[in-house]
Amino acid sequence: MNTIEKLAERARELAEREAAGKPAQAPEPTVPPPAAAPPEPRTPAAPPVTAAIAPLIEVDDIAKVFDVSAPWLNRVIERKPRQLLYAVDGVSFSIARGETLALVGESGCGKSTVARMLVGLYRPTRGTVRIDGHDLARLSGKSGQALRRRIQMIFQDPYASLNPRWQVSEIIAEPIRVHRLLARPTDITRRVGELLQHVGLTPADAARFPHQFSGGQRQRISIARALASQPEFLVCDEPTSALDVSVQAQVLNLMRDLQRAAGLTYLFISHNLAVVHHVADRVGVMYLGRIVELAPKTTLFANPQHPYTRMLLDAIPDTAMTGRARTPVGGEVPNPLNPPTGCTFHPRCPLADARCRRETPRLLPTANGAQAACHAVEEGRA
Ligand SMILES: Nc1ncnc2c1ncn2[C@@H]1O[C@H](COP(=O)(O)OP(=O)(O)OP(=O)(O)O)[C@@H](O)[C@H]1O
Ligand code: SF4
Ligand SMILES: [Mg+2]
C-alpha cells in the first residue's frame, strides 16, 4: 500500500467515525496538558522546531495600514483628521519546509491580516513576503501564477468559502483548470475523485452540493479544493473553530496526515491554545498587530516569557482540578486607532513601568531559546 492509499484509508476511517457519530481515535483537542509536563513532539520525524535552515516562507517586517477615514467631504465639514489603522505593524518570521507555525492572539490582533498578506490577498504597506526565495510583490504574469499555485488558504467558515450553486466536482476542479494541471475532462474527473478519497469522502460525493454535507464534511471539501493545485504551503485561518470538538479533532488529524504524506508547510491561525498545542511546531503570540513572543511549542507552553503569553496560558480552564486559581486575561484590548504609547500591552501588564510606557520593546532572543518583546524579560525582572 503506497502513502496516498494509506492516507486515503486513514481519512476514510475518520470519515466513517464522523458519520457514525463516534469520537475520533486521537485525543480530542480540549485542553493542553499542564505546563509542568509538556508532551514530547508528536513523532521523532516531526518537522524541525526552528526555521534556521532553508525556510520556505520568509516574512520581513510586514505592516498593513488601513485608511478608515470618513469620506473626504465629511472630514472637511466636520474638520476631522484622516484615520489610519495599523492592523499589522512590523511582523517578521520564517517557516521551514514541513513545519507548522501557529499564530495566536485575541480577536482583532491582526492574525487574518497577516494570513491575507501571505497569500497575496492584501498587499503589505511595508515589508516583504518571500516564498522559496521569491518576493511575492515582484511576481506577475506566469511566474506569479506558478507561485500562487504553491500557496493555498483554508478559511474558517466552510460554508461561506464554498460556492453554494456549484457541485463539489466543479468546486474542486476549478483550481486544476485555472492552473492548467490537467486538460482532459476524464483526467480531471478522476483527479477530483482521488482528492475526495484523500480527505475521506467518496468520488460519488462530487455530484452533490455543499448544503448536502455536514460542517466537518464541508471543511474536508475545502481541504480537497486547496490540495487540488498541489500546493506546498497552506495558510489555515481558524479552519476548525466553526466545528464541534470531535469533528475538530478529525479534521486536525486529517490535516496532520496530509502534512506528513505530502510534506506540506502550514501557517495555522487560531485563538484556541488547545488546538495550537495539538498542531503546532512553533507558536507566535500576537498582540495589537505585533508578535510579542515566538517560541517552539514545548518551550512556550512549559516556560512562557511574555506577561501576555502567561496571562493567555493562565486563562485555560483547569480540567485537572488542581485547585490552582485561573486568572482571566484582565482589561480590554486597546482601540487600534488610538494604541497606547510604548509597549501597547502596558495598560494591562502587572510588570509595566515608566520605560514600558515610553519605549516600544523589540523582539529579542531570550535565555530559554525563544524570542520575546518585553522590557521586563530583557531586564530579567519578568
Ligand atoms: N479591510 C479592512 N479595513 C479596515 N480595517 C480592517 C480590515 N480588515 C481588518 N481590519 C482591522 O484590522 C484589525 C485586525 O483584524 P484581523 O481580522 O486581522 O484580526 P484577527 O486577529 O484575525 O481577529 P479575529 O480573531 O477576530 O479573526 C482589526 O482592528 C480590524 O478591525
Ligand atoms: S514591556 Fe513592560 S508593559 Fe510590555 S509586557 Fe513587558 S513589562 Fe509588560
Ligand atoms: Mg481573523
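Residues numbered from 1 in each chain as written. Chains lettered and ligands numbered in written order. Predicted model: local features only at pLDDT ≥ 70, side-chain atom pairs only at ≥ 80, totals over all residues.

Caption draft 1: View of unusual backbone geometry. Despite not being glycine, Asp61 shows a phi value in the positive range, around 55°. Along the polypeptide, Asp61 turns up in strand E1 (residues 55–67). With 12 C-beta atoms packed within 10 Å, Asp61 lands in the exposed category. (Helix = DSSP H or I, 4+ residues; strand = E, 2+ residues; numbered from the N terminus. Buried ≥ 20, exposed ≤ 12 C-beta atoms within 10 Å, placed from the backbone.)

Caption draft 2: Broad picture of the pairing of strand E7 (residues 233–237). For E7, the buried fraction is high: five of the five residues fall into the buried class. Of the two faces of E7, both are covered, the one formed by Phe233, Val235 and Asp237 as well as the one formed by Leu234 and Cys236. Inspection of the sheet shows strand E6 (residues 151–154) paired to E7 by four bridges, in the parallel sense. Across the sheet, the residue bridging to Ile154 is Cys236, located in E7. When E7 meets strand E8 (residues 265–269), the two strands line up parallel, connected through five bridges. The partner of Phe233 across the bridge, within E8, is Thr265. For the crossover that starts at E7, traverses helix H8 (residues 245–262) and ends in the parallel E8, the hand is right-handed. (Pairing = 2+ DSSP bridges. Right-handed = clockwise from strand over helix to strand, strands pointing away.)

Caption draft 3: Structural detail: the site of ligand 2. Taken together, 13 residues sit near ligand 2, with Cys343, Cys349, Cys356, Cys374 and Ala376 positioned nearest. Residues that form the shell around ligand 2 fall into these classes: ten nonpolar, three polar and no charged. (Near = placed C-beta within 6 Å. Nonpolar A, V, L, I, M, F, W, Y, C, P; charged D, E, K, R; others polar.)

Caption draft 4: The arrangement of the pairing of strand E9 (residues 282–287) in detail. Of all six residues in E9, six are buried; the element is thus mostly enclosed. Alternating residues of E9 divide into Arg282, Gly284 and Met286 and Val283, Val285 and Tyr287, and every residue in both groups is buried. Examined bridge by bridge, strand E3 (residues 100–104) and E9 share four bridges and lie parallel to one another. Pairing of Ala102 across the sheet is with Val283, part of E9. The loop that links E9 with its antiparallel partner strand E10 (residues 290–296) comprises two residues; one of these, Leu288, has a positive phi angle of about 45°.

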